[in-house]
Amino acid sequence: MASITGKVKESLVGGTDEEPNLSAQTKEYFYGHAIKDDESEEPYLGEQEFIDAIAPKGEDYHKIKREQYAILFSVADRAQKNRVDIHDWSVFTNLLSKPDAEYDIAFRLFSDPSTGLVDFNSFKESYARNRGEGTVPFNWDSDWAKLYLGGRKNRHSMTYPQFAQMLRGLQGERVRQAFLHFDNNGDGYIEPEDFSRIIRETASHKLSDHLLSNLSTLCNISPGSKISYANVRAFMNVIREMDLVEFVIKNAIHKSDDGKITRVDFLNEAARITRFTLFTPMEADILFHFASLDQPSGRLSISDFARVLDASWHSTAGRLGSRGGTMIADTAQHAVAKSRSFYEDFLVSAHHFGLGSIAGAFGAFMVYPIDLVKTRMQNQRSSVVGTKLYQNSLDCFQKVIRNEGFRGLYSGVLPQLVGVAPEKAIKLTMNDLVRGKYTEKSTGNIPLWAEIMAGGTAGGCQVVFTNPLEIVKIRLQIQGEAAKAAAREGEQFNRRSAMWIVRHLGLVGLYKGASACLLRDVPFSAIYFPTYAHLKKDYFGESPTKKLGILQLLTAGAIAGMPAAYLTTPCDVIKTRLQVEARKGDTQYTSLRHCARTIFKEEGFAAFFKGGPARILRSSPQFGFTLAGYEVLQGLLPLNGEHAAEKDIGPRGSLEPVTGLQEATAPLPYLRSRNALKIILDLDLGFGRPRGVGEAARRGWLPSVLTPSAGPKSSD
């Protein structure tokens, strides 16, 4: 008997001063977080260092706060010295490796070290101390409690298996007693507000914000304005079987043609899969009620169920409300942020360069007629009498069709498409590359200055392709009106091809006006990309678990292009004047400064914003089409391994994977520490108060049985 007692005590509090037999990796992990005692220089983990070791930073601790992991510190701190040394760490890590570690941790939190049992009176006192203020009381003399603990005259301590099984059913008994507490007239019904309070007090750490904020609507699944005990029991059953519910949903959706299912589909699939657990009609009603609050069609997708199935789901505002909580949503940016070598960077960049080329050509073609009108409006010299051909952009559009036909709207489109592909590709790729390199891998944060710098860098790099493209395109676009002017004066006009213009200008000539091009493209991209990113996240609510539709992407791209396009119009006017081939009688500009001064002197300040509306009408939809096409192509043609890399990102990181029965990627010790806290909070949410363990012990929040001197009490 003494030998058994000794083994139990050794397993609980340790019993040797020898160096523990730890793996090199475990030792390295301990020493990587440990601090040293000033006197003995012995390494140890304080409360904060312990939290850092078992609760990785960068996770979204939405339901169970990171500070709450301090409650496990008292389990690891076997001698209650307010520190965890290498011996304590050895015992704790060994405990976490056990298959039943979650329940074992909860047991050790309340068990008496000298007996290895949980004394009822000590446990009850600890429960009372930690119970949240104003919560519904729990009767430990109920018939349910007597079955586990014995009656008043025959009370007994609990062994580990008994205690674990008692915890398993405790939450359901708390709900039952709370229902009776609010069922004042004994008719088996309570008010929706009382039901909401019961669930919040007993299970809020396991439920999504969507469920918690809509609990009172449960009364709508049946006639009347109150909630019956059958409703409450069915709701708790759905929560208890949530993993099975998700498995059934995934199977049913996989068999669906449109990725959506009805209540009938769910019940039919459940009948195929389950043998011992059958869902009642009320349980199915409850599941579909909460999943369809914003989608009343009756056919629901996995994204609708995610708000119910995913305990860590919370609103966009909560997820993106502060810059500190922003996560990486863009596939390309995420891929760059997660890459580990130059080779990976090159592959990612090359892949997205190709996608950007296709998207850029698509966007340019869609808005080319507007671009042609913009160019002709900007080249119009109002200071020369008789040369004003167009009254406004609409007049220009009509005259082009009337004089040159519909094909005239696409004059010079071929070199535009050939050139715009690498231009837009390098812009998109450079923006993703720079954003990725300044994005924190753990949190997905990127500072605003880095977003602006990424956009500006992208705009500067694109000039390598933009300037030759622009000068050829502009000269082709102007040929139509030049031909008309020559015909009016009886002169012969020879149309030039794109290749003739390239040969005529030469390499140096192709970069004429490059300074103005830089002056336009750098600020344009510095304004555009951050605006686009924040519109997607802050306005449309994009996140790793919510992908925007094509219409939302188009809208975000178009809105972001408006201020960027209009504010950089003066630079675009100067660039156009420098690059266009001056006609007879037109002023010849010698430099960027000379051009700006001459325009202001001859035509006034308003001339700098010529074609501004057309530029907005062109740039906004063009970048909308380009960015929307780019992101759609990223989803349709992913680089091998990109989607796999995305699985471990999201508001929950690796502890709480995105909904879809995916494995959590965190090590088991992390996951078991989290699960142990969930079990402890099933007792009462008061055990999870985010206060330091030292302070909690001083104020009496932690069980007195954790101190070495505490022993079992013999009576109530």
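Residues numbered from 1 in each chain as written. Predicted model: local features only at pLDDT ≥ 70, side-chain atom pairs only at ≥ 80, totals over all residues. Heavy atoms only, no water.

Would you mind going over the overall build of the protein with me for this structure?
A count of helical and extended segments in the protein gives 31 helices and 4 strands. Evaluated residue by residue, the protein yields a buried proportion of 53% over its 716 residues. Taking contacts inside the protein between residues at least 6 apart in sequence as the whole, the part at least 24 apart equals 72%. Carbon and sulfur atoms make up 57% of the accessible area of the protein, which amounts to about 32,800 Å² in all. (Helix = DSSP H or I, 4+ residues; strand = E, 2+ residues; numbered from the N terminus. Buried < 20%, exposed > 50% of the residue type's maximum accessible area, 1.4 Å probe, protein only. Contact = heavy atoms within 4.5 Å. Areas by Shrake-Rupley, 256 points an atom, 1.4 Å probe, with all protein chains shown as cover.)

Please explain the pattern of salt bridges as it appears in this structure.
Side-chain pairing between opposite charges can occur once the charged atoms of the two side chains come close. A full pass over the atoms with the stated rule returns 23 salt bridges. The residue Arg672 makes a salt bridge to Glu102 at a minimum N-O spacing of 3.7 Å. Taken together, the residues Arg672 in helix α30 (residues 668-683) and Glu102 in helix α6 (residues 101-110) connect sequence positions 570 residues apart. A salt bridge links Asp104 to Arg108; its shortest N-O distance comes to 3.2 Å. (Salt bridge = Lys/Arg side-chain N within 4 Å of Asp/Glu carboxyl O.)

What is the right way to read the packing of α6 against helix α9 (residues 160-182) from this model?
Axis angle and axis distance: for two packed helices, these are the angle between their axes and the distance between the axes, and together they describe the pair. At a closest axis distance of 10 Å, the pairing of α6 and α9 adopts a crossing angle of 105 degrees. Taken together, the axes of α6 and α9 are roughly perpendicular relative to one another. Contacts from Tyr103, Asp104, Ala106, Phe107 and Phe110 in α6 reach Tyr160, Phe163, Ala164, Leu167 and Arg168 in α9. Its residues assigned to classes, the contact of α6 with α9 comprises 8 nonpolar, no polar and 2 charged. (Axes fitted to C-alpha atoms, helices over the stretch in contact; angles between N-to-C directions. Parallel < 35°, antiparallel > 145°, perpendicular 65-115°, else oblique. Nonpolar A, V, L, I, M, F, W, Y, C, P; charged D, E, K, R; others polar.)

Help me understand the confidence of the model for the protein, please; the structure alone is not making it clear to me.
Predicted coordinates in areas of low pLDDT are best not read in detail. Mean pLDDT over the protein: 78, with 77% of residues reaching 70 or higher. Throughout residues 643-652 the model reports pLDDT below 50, and contacts reaching past four residues in sequence, or to other chains, amount to 30 contacts. Ignoring residues within four places in sequence, the model shows residues 690-716, a span with pLDDT below 50, making 60 contacts including any to other chains. (pLDDT = per-residue confidence, 0-100.)

Looking at this structure, I do not really get the packing of aromatic side chains. What am I missing?
The way to describe two aromatic rings as a pair is by their centre distance and the angle between their planes. On inspection of all chains with the given rule, the structure shows 37 aromatic pairs. Aromatic side chains Phe120 and Trp140 sit 6.3 Å apart centroid to centroid with 70 degrees between the ring planes, which places their arrangement in the edge-to-face category. Highlighted residues: Phe120 in helix α7 (residues 120-130) and Trp140 in the loop between α7 and α8 (143-149), separated in sequence by 20 residues. Here Phe120 and Trp140 have matching classes, each one buried. Both rings, one in Phe179 and one in Tyr229, keep their centres 5.0 Å apart while their planes meet at 65 degrees; by these two values the pair is edge-to-face. A residue pair is termed long-range when its members are at least 10 positions apart, and Phe179 in helix α9 and Tyr229 in helix α12 (residues 229-240) qualify at 50 residues. Looking at Phe179, the relative accessible area reads 3%, which means it is buried. Grouping aromatic residues by their ring pairs yields a cluster made of Phe107, Phe110, Phe120, Phe123, Tyr127, Phe138, Trp140, Trp144, Tyr148, Tyr160 and Phe163. When the ring centre of Phe120 is taken as origin, the NZ or CZ atom of Arg155, which lies over that ring, is 4.1 Å away. (Phe/Tyr/Trp six-rings, centres within 6.5 Å; stacked < 30°, edge-to-face > 60°. Lys NZ or Arg CZ within 6 Å of the ring centre and 35° of its normal.)

What am I meant to see in the UniProt feature "domain: EF-hand" (unreviewed entry) in the protein here?
The positions UniProt marks with the feature "domain: EF-hand" (unreviewed entry) are residues 170-205. Taken end to end, residues 170-205 comprises 69% helix and 6% strand; its first and last C-alpha atoms sit 15 Å apart. (UniProt positions renumbered as here; feature names shortened; annotations may be inferred.)

What should I look at first to understand the side chain of Ser228 in this one?
With respect to the helices, strands and loops of the structure, Ser228 is situated in strand β4 (residues 227-228). Contact partners of Ser228, with chain neighbours within four places excluded, come to Phe179, Gly188 and Tyr189.

Sorry, what's going on with the nonpolar core here?
Where a protein is soluble and globular, its nonpolar side chains tend to be buried together. Core analysis: the biggest nonpolar cluster contains 49 residues, and Phe50, Tyr69, Leu72, Trp89, Phe92, Trp140 and Phe163 have the highest contact counts within it. Among the secondary structure elements, those contributing two or more residues to this core are α3 (47-54), α4 (73-76), α5 (86-96), α6, α7, α8, α9 and α30. Every residue in contact with Phe163, bar those within four places of it in the chain, is listed here: Ala106, Phe107, Phe110, Val118, Phe123 and Met158. Membership of the second largest hydrophobic core comes to 43 residues, among which are Phe235, Met236, Phe266 and Phe305. (Core = buried A, V, L, I, M, F, W, Y, C linked by side-chain atoms within 4.5 Å.)

For this particular structure, what's the right way to read unusual backbone geometry?
Negative phi values dominate among residues other than glycine, just as trans dominates among peptide bonds. With phi around 55 degrees, Gln80 is a residue other than glycine that occupies positive phi space. Within the secondary structure layout, Gln80 lies in the loop between α4 and α5. For Asn82, which is not glycine, the phi torsion reads 65 degrees and is therefore positive. Of note, Asn82 is situated in the loop between α4 and α5. On the basis of relative accessible area, Asn82 is assigned to the partly exposed category, the value being 46%.

For this particular structure, what's the right way to read the environment of Leu287?
You can see Leu287 is positioned in helix α15 (residues 281-291). Expressed as a C-alpha distance, the spacing of Leu287 and Ala234, which sit 53 residues apart in the sequence, is 9.6 Å. Not counting residues within four places of it along the chain, the set of residues in contact with Leu287 comprises Val245, Ile249, Phe266, Phe305 and Val308.

Got a minute to help me understand the side chain of Thr626 in this structure?
Tracing the backbone shows Thr626 in helix α28 (residues 612-636). Excluding residues within four positions of it along the chain, Thr626 makes contact with Ala359, Gly360, Gly363, Lys424 and Leu428.

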